[in-house]
Amino acid sequence: AVVSTQSTGCQVPFIMMEKIAALKSSEIPEKFPIFKMHLSFIEKGWSEKDGNVTTATYRSSAGHIFSAITHLNEKKEVSRTDFHIDDEASLKEIDDFLDEILSDYNIANLARLYQVNLQARYFDYVLEGIVQRIGPNYAENHDLFDHYMFIAPTSKPEELTVPQGYILGPLLEDHAEAIAPQWALDIGFTDVKGVNLVPNVVANITERPCFGIFTESDPNTPIAWLCIYSAGSIGMLHVKEGHRGKGLGRILLRHCLKVVQDTHGMECRAQACCQKFNAGSLNLLFSEGWELQPINFKKMFFSKSGPQ
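Residues numbered from 1 in each chain as written. Predicted model: local features only at pLDDT ≥ 70, side-chain atom pairs only at ≥ 80, totals over all residues. Heavy atoms only, no water.

Novice: How should I be thinking about the packing of helix α5 (residues 176-186) against helix α6 (residues 198-207) in this particular structure?
Specialist: If you want to describe how two helices pack, look at the angle between their axes and the distance between the axes. Where α5 meets α6, the axes come as close as 8 Å, and the angle between the chain directions of the two elements is 120°. Regarding the angle of α5 to α6, the classification is oblique. Taken as a pair, α5 and α6 cross one another with a handedness that is right-handed. Within the contact between the two elements, α5 uses Ala176, Glu177, Ile179, Ala180 and Trp183 and α6 uses Val198, Asn200, Val201, Val202 and Ile205. Residues that form the contact of α5 with α6 fall into these classes: eight nonpolar, one polar and one charged. (Axes fitted to C-alpha atoms, helices over the stretch in contact; angles between N-to-C directions. Helix = DSSP H or I, 4+ residues; strand = E, 2+ residues; numbered from the N terminus. Parallel < 35°, antiparallel > 145°, perpendicular 65-115°, else oblique. Left-handed = near helix turned anticlockwise from the far one by under 90°. Contact = heavy atoms within 4.5 Å. Nonpolar A, V, L, I, M, F, W, Y, C, P; charged D, E, K, R; others polar.)

Rendered as structure tokens:
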């Protein structure tokens, strides 16, 4: 964005936001774990395929650094944005950055469900700026996606032995049809027939390591599973009834975390979103040393109102 100021009676243009080379994960401070891990996933090929992820980085005239990761869905609509904002930035700089990222073109091409990942010193101000720019047709969906954010411990977990009669192994694309309806129920959809999450599950399974636990009597059907999402989150944990109380969820959580740490390094800390009513998962995360994050560290979903 180029603006003018008054200087010795003349209009002198200067650049408030200069686009520069995209940041690397190694350049992101560890106090911004969401963005740091997301960049590492892109660099290691663990993010979406087909060129649907772009990173834009800007430097303000005051030398502050801003960056955003934008995801497009299969319709080339903007489905997600992760924001990285320098803690020392002024509110005016934040406004200029938001204008760059949430341009008229991007606003016109937002998906019906738009996700924002945000960790910022001036969280409320940035969030208000996002809401103002995406317009009155979008509203944050609090009821469906009311959750806590956790980040992984800095220590490497000790892997556990799988109980007798069970097998730990990778999830395959063929497993998506069985997993997707259960995932829809787990995150709060009541009309499972009206929600098709199979493509989301397939993307997770085919683009990143995802794991399941199977019985020796039926090694082709998972009875428990956990996936790694494209930006560094671990989720979709489910253990079927009849197999609970055996530590299977804990086994999956530790195994997935170790795989992430081995690939991306200990300085890149995985995240987990847990719905506030999910007592079982909350207890598991706390008992495993995952750290609950403050309100200025949040994943949000905005739903578009009006006709389909």
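Novice: Can you walk me through the side chain of His175 in this structure?
Specialist: For His175, the location among the structural elements is in the loop between β10 (166-170) and α5. Residue His175 is classed as buried on the basis of its relative accessible area, which comes to 8%. Not counting the four nearest positions on each side in its chain, His175 is found in contact with Pro170, Phe214, Asn220 and Pro222. (Buried < 20%, exposed > 50% of the residue type's maximum accessible area, 1.4 Å probe, protein only.)

Novice: When you look at the layout of surface pockets in this model, what are you seeing that I'm missing?
Specialist: The method is simple in principle: a probe with the dimensions of a water molecule rolls over the atoms, and the space it marks as empty is what remains. Put simply, the second largest pocket is a space of about 160 Å³. Those elements that provide at least two residues to the lining of the second largest pocket are β4 (53-60), β5 (65-72) and α2 (91-101). Counting residues per element, the lining of the second largest pocket draws most heavily on β4, which supplies four residues. (1 Å grid on protein atoms, 1.4 Å probe; cavity = no way out; pocket = protein on both sides within 12 Å on 5 of 7 lines; lining within 4 Å. Points joined across faces, edges and corners; volume = space filled by probe spheres on them.)

Novice: Can you walk me through the packing of aromatic side chains in this structure?
Specialist: Aromatic ring pairs are described here by two measures, namely the spacing of the ring centres and the angle between the planes. According to the stated counting rule, one finds six aromatic pairs in the structure shown. Ring centres 6.2 Å apart and planes at 85° place the aromatic pair Phe83 and Phe97 in the edge-to-face group. Remark: Phe97 occurs in helix α2 and Phe83 occurs in strand β6 (residues 78-85); sequence separation between them is 14 residues. According to the relative accessible area criterion, Phe97 is buried, its value standing at 0%. Aromatic rings pair up to connect Tyr58, Phe66, Phe83 and Phe97 into one cluster. (Phe/Tyr/Trp six-rings, centres within 6.5 Å; stacked < 30°, edge-to-face > 60°.)

So yeah, pure geometry; function would need other evidence.
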